[in-house]
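This is what each chain is made of:
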Amino acid sequence: MHQLTLAEIARGLADKKFSSEELTKTLLARIAQLDPQLNSFITLTEDLALEQAKAADARRANGETGALLGAPIGHKDLFCTLGVRTSCGSKMLDNFKAPYDATVVAKLTAAGAVTLGKTNMDEFAMGSANESSYYGAVKNPWNLEHVPGGSSGGSAAAVAARLLPAATGTDTGGSIRQPAALTNLTGLKPTYGRVSRWGMIAYASSLDQGGPLARTAEDCAILLQGMAGFDPQDSTSIDEPVPDYSASLNGSLQGLRIGVPKEYFSEGLDPRIAQLIHTSIQELEKLGAVIKHISLPNMQHAIPAYYVIAPAEASSNLSRFDGVRFGHRCEDPKDLTDLYKRSRAEGFGPEVQRRILVGAYALSAGYYDAYYLQAQKIRRLIKNDFMTAFNEVDIILGPTTPNPAWKIGAKNSDPVSAYLEDVYTITANLAGLPGLSMPAGFVDGLPVGVQLLAPYFQEGRLLNVAHQYQLNTDWHLRSPAGF
Ligand code: GLN
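Residues numbered from 1 in each chain as written. Predicted model: local features only at pLDDT ≥ 70, side-chain atom pairs only at ≥ 80, totals over all residues. Heavy atoms only, no water.

A.B. asks: Residues and numbers for the site of the ligand, please.
C.D. replies: Around the ligand, the structure places 15 residues, and the nearest of them are Ser128, Gly173, Ser175, Tyr203 and Tyr306. One of the backbone N or O atoms of Gly174 is found 3.3 Å from an oxygen atom in the ligand. Contact distances for the ligand include 2.8 Å between a nitrogen atom and a side-chain N or O atom of Asp422. Computed on the free molecule, the ligand has an accessible area of 290 Å², of which 99% lies beneath the protein chains in the complex. By residue class, the composition of the shell around the ligand is 5 nonpolar, 7 polar and 3 charged. (Near = heavy atom within 4 Å. Polar contact = N/O pair within 3.5 Å; in protein donor to acceptor, adjacent residues only side chain to side chain. Areas by Shrake-Rupley, 256 points an atom, 1.4 Å probe, with all protein chains shown as cover. Nonpolar A, V, L, I, M, F, W, Y, C, P; charged D, E, K, R; others polar.)

If you want it as structure tokens, here you go:
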């Protein structure tokens, strides 16, 4: 039963082949047996899950239908969940039980999804390897010595290991697409404003966006359907009708114009990954797509711009964790300053402290113009490059990551080398565009992803291209040995 996709689960539940309660019990037992190897969950919500599963079964018995009704999922541990610890992977929030559900959680729960638990993540979503979590590193099910990517690494590892059919993630600079690529999943970062950020603990508010991680594009369509939509409680949510994503999956790719940016194939890219990307291009050409060579000339400036803007916003967002209102508080503070200092020094891990320092520096008087303002200008140039490209092409294709998953610990002494791994993903966040990563093959037994980017609100187009590709390839069906 653990091999079933969301789409298959929906059919099985509708045909009464099994109940949501049976499925939930099977997956909880599997998590108990296998997750000690992976560390993909921070908190399990067994009682809540069984209660929700029974309620979903009762709703089905009453004639209700719905693709998510009774479907087990997990939530990245930065989506607030009523009465459940929501830690953001940090000691700072180790004792925080959210007093409300994030909009994403509320919407999925209303659709009948069953929450099995909260998945592990890089602390405050800062990282590309899931090594900065207070709760320990997550292992990649394809090779337990390697990272699963991050920051949604717990969601990715759990879905890849068939502990769950799908999970939520968030993507500020690649944290859905990159772990999807490194664990052989399909992951979608929606257009900025498509999915509500209300109740999603903020890292960099102008870049953060929630989205689905699953094994297939078909399942991403189902999960996104339950997540997307206008939310008056999020001032950056966009009031744009949500299309039927599952209905968008069957379009022909005949004449689809795919742009391949020359900047994506520079020296940093593992040549074996380049080869797999070329093979996936040929596959799409067979389905009728037309390749156009394009240029995104400002891409080289993306990493420096992102690593100014994201820490700047983070330093502001994280100032609320001061030991006073909620979160970790140090013992016996001497005075108020001591309380702030020690609570924050004890509650935040080294990567989070590094980002707060960088962000506070970039925003300080005297440096603001030189760093933050410049970075914002680069951000506009990057967006303009995409707008020019999308005059000529329908989607943009390239690698999701320059390298496959690295060994746990390999980049610990050199944070910048980890930042460089984000080179292909962060531009979509800077421009607010939707992006998807899908499985495209293996290098040394480790998965490789191909990334597709589309114009604003064209999530359906991305899902369609990925679905057509998955109807004609079987990379996404491979499962890791031992799971
Ligand atoms: N790796 C990037 C960072 O560390 C992106 C993280 C994310 O998307 N949350 O900032």
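A.B. asks: Got a sec to walk through helix α12 (residues 369-389)? Specific residues and values, please.
C.D. replies: Its 21 residues place the ends of α12 29 Å apart at the C-alpha level, agreeing with the 30 Å of an ideal helix rising 1.5 Å per residue. Among the residues of α12, those classed as buried are Tyr372, Ala375, Ile378, Arg379, Ile382, Asp385, Phe386 and Ala389. Take α12 and look down its axis: the buried residues cluster within an arc of 130°, on one side only. For α12, exposure combined with an orientation more than 90 degrees from the buried face picks out Asp369, Arg380 and Thr388. (Helix = DSSP H or I, 4+ residues; strand = E, 2+ residues; numbered from the N terminus. Expected span 1.5 Å × (residues − 1). Buried < 20%, exposed > 50% of the residue type's maximum accessible area, 1.4 Å probe, protein only. Arc of directions from axis to C-beta.)

A.B. asks: A description of a nonpolar patch on the surface should follow, citing residues and the corresponding values.
C.D. replies: Where nonpolar side chains cluster on the molecular surface, the patch consists of Val324, Leu336 and Tyr340 and spans about 250 Å² of accessible area. Along the polypeptide, Leu336 turns up in helix α10 (residues 336-347). The partly exposed category is assigned to Leu336, whose relative accessible area is 48%. (Patch = residues over 30% accessible without salt bridge, like charges linked within 9 Å, V, L, I, M, F, W, Y side chains within 5 Å. Salt bridge = Lys/Arg side-chain N within 4 Å of Asp/Glu carboxyl O.)

A.B. asks: How would you summarise empty space enclosed by the protein if you had to cite specific residues and measurements?
C.D. replies: To find the voids left in a structure, one rolls a probe of water-molecule size over its atoms. Tallied over the full model, the rule gives 1 cavity of 30 Å³ or more. If you add up the space inside the largest cavity, you get close to 80 Å³. Taken together, 16 residues form the lining of the largest cavity, with Gly127, Ser128, Ser175, Tyr306 and Asp422 sitting closest to its centre. Along the lines of polarity and charge, the residues of the lining of the largest cavity split into 5 nonpolar, 9 polar and 2 charged. (1 Å grid on protein atoms, 1.4 Å probe; cavity = no way out; pocket = protein on both sides within 12 Å on 5 of 7 lines; lining within 4 Å. Points joined across faces, edges and corners; volume = space filled by probe spheres on them.)

A.B. asks: Provide a residue-level description of the state of the cysteines, including the pertinent values.
C.D. replies: In this structure the tally under the stated criterion is 0 disulfides. Here Cys88 stays unpaired: no disulfide links it, and the sulfur of Cys80, its closest cysteine neighbor, is 8.5 Å away. Taking relative accessible area as the criterion, Cys88 reaches 1% and is therefore assigned buried. (Disulfide = S-S within 2.5 Å.)

A.B. asks: Could you give an account of helix α4 (residues 103-110), naming the residues involved and the relevant values?
C.D. replies: Within the sequence span of α4, burial applies to Thr103, Val104, Val105 and Leu108. Residues of α4 that are buried make contact with β2 (72-76), β4 (166-170) and α7 (217-227). Taken from the residues just after α4, Gly112 is the one with a positive phi, measuring 100°. (Contact = heavy atoms within 4.5 Å.)

A.B. asks: Lay out the side chain of Lys76 with the relevant residues and their values.
C.D. replies: Tracing the backbone through its elements, the reader meets Lys76 in strand β2. Only 2.7 Å separates the side chain of Lys76 from the side chain of Thr170, close enough to count as a polar contact. Those residues in contact with Lys76, other than ones at most four positions away along the chain, are Lys118, Thr119, Met121, Ala125, Ser151, Ser152, Ser155, Thr168, Gly169, Thr170 and Ser175.

A.B. asks: Which residues make up the nonpolar core, and what values do they have?
C.D. replies: Membership of the largest hydrophobic core comes to 107 residues, with the highest contact counts inside it found for Phe124, Ile258, Phe386, Ile396 and Leu463. Per-element accounting of this core gives the leading share, 10 residues, to helix α9 (residues 302-317). In this view, Ile396 contacts Gly259, Pro261, Tyr264, Ile294, Phe386, Ala389, Phe390, Gln451, Leu452 and Leu453; residues no more than four positions away in its chain are not counted. Residues Ile9, Phe41, Val159 and Phe483 belong to the second largest nonpolar core, which totals 34 residues. (Core = buried A, V, L, I, M, F, W, Y, C linked by side-chain atoms within 4.5 Å.)

A.B. asks: Could you give an account of the layout of surface pockets, with specific residues and numbers?
C.D. replies: Its volume calculated, the largest pocket comes out at about 430 Å³. Taken together, 26 residues make up the lining of the largest pocket; nearest its centre are Glu131, Ser132, Glu351, Arg354 and Asn412. Of all the elements in the fold, those that place two or more residues in the lining of the largest pocket are α11 (350-363) and α13 (415-419). Among the elements that take part in the lining of the largest pocket, α11 stands out by supplying 4 residues, more than any other. Split by residue class, the lining of the largest pocket holds 10 nonpolar, 8 polar and 8 charged.

A.B. asks: Let's hear about the packing of aromatic side chains: which residues, and what values?
C.D. replies: This structure, assessed with the given rule, holds 17 aromatic pairs. Note on Phe96 and Phe326: the rings are 5.7 Å apart at their centroids and 35° apart in plane angle, and the pair reads as tilted. Within this pair, whereas Phe96 is found in the loop between β2 and α4, its partner Phe326 is found in the loop between α9 and α10, the two being separated by 230 residues in sequence. Residue Phe96 is classed as buried on the basis of its relative accessible area, which comes to 16%. On the basis of relative accessible area, Phe326 is assigned to the partly exposed category, the value being 31%. Taken together through their ring pairs, the aromatic side chains of Phe96, Phe124, Phe321, Phe326 and Phe348 make up a single cluster. Looking at Lys411, its charged tip hangs above the ring of Trp406, at a distance of 5.0 Å from the centre. (Phe/Tyr/Trp six-rings, centres within 6.5 Å; stacked < 30°, edge-to-face > 60°. Lys NZ or Arg CZ within 6 Å of the ring centre and 35° of its normal.)

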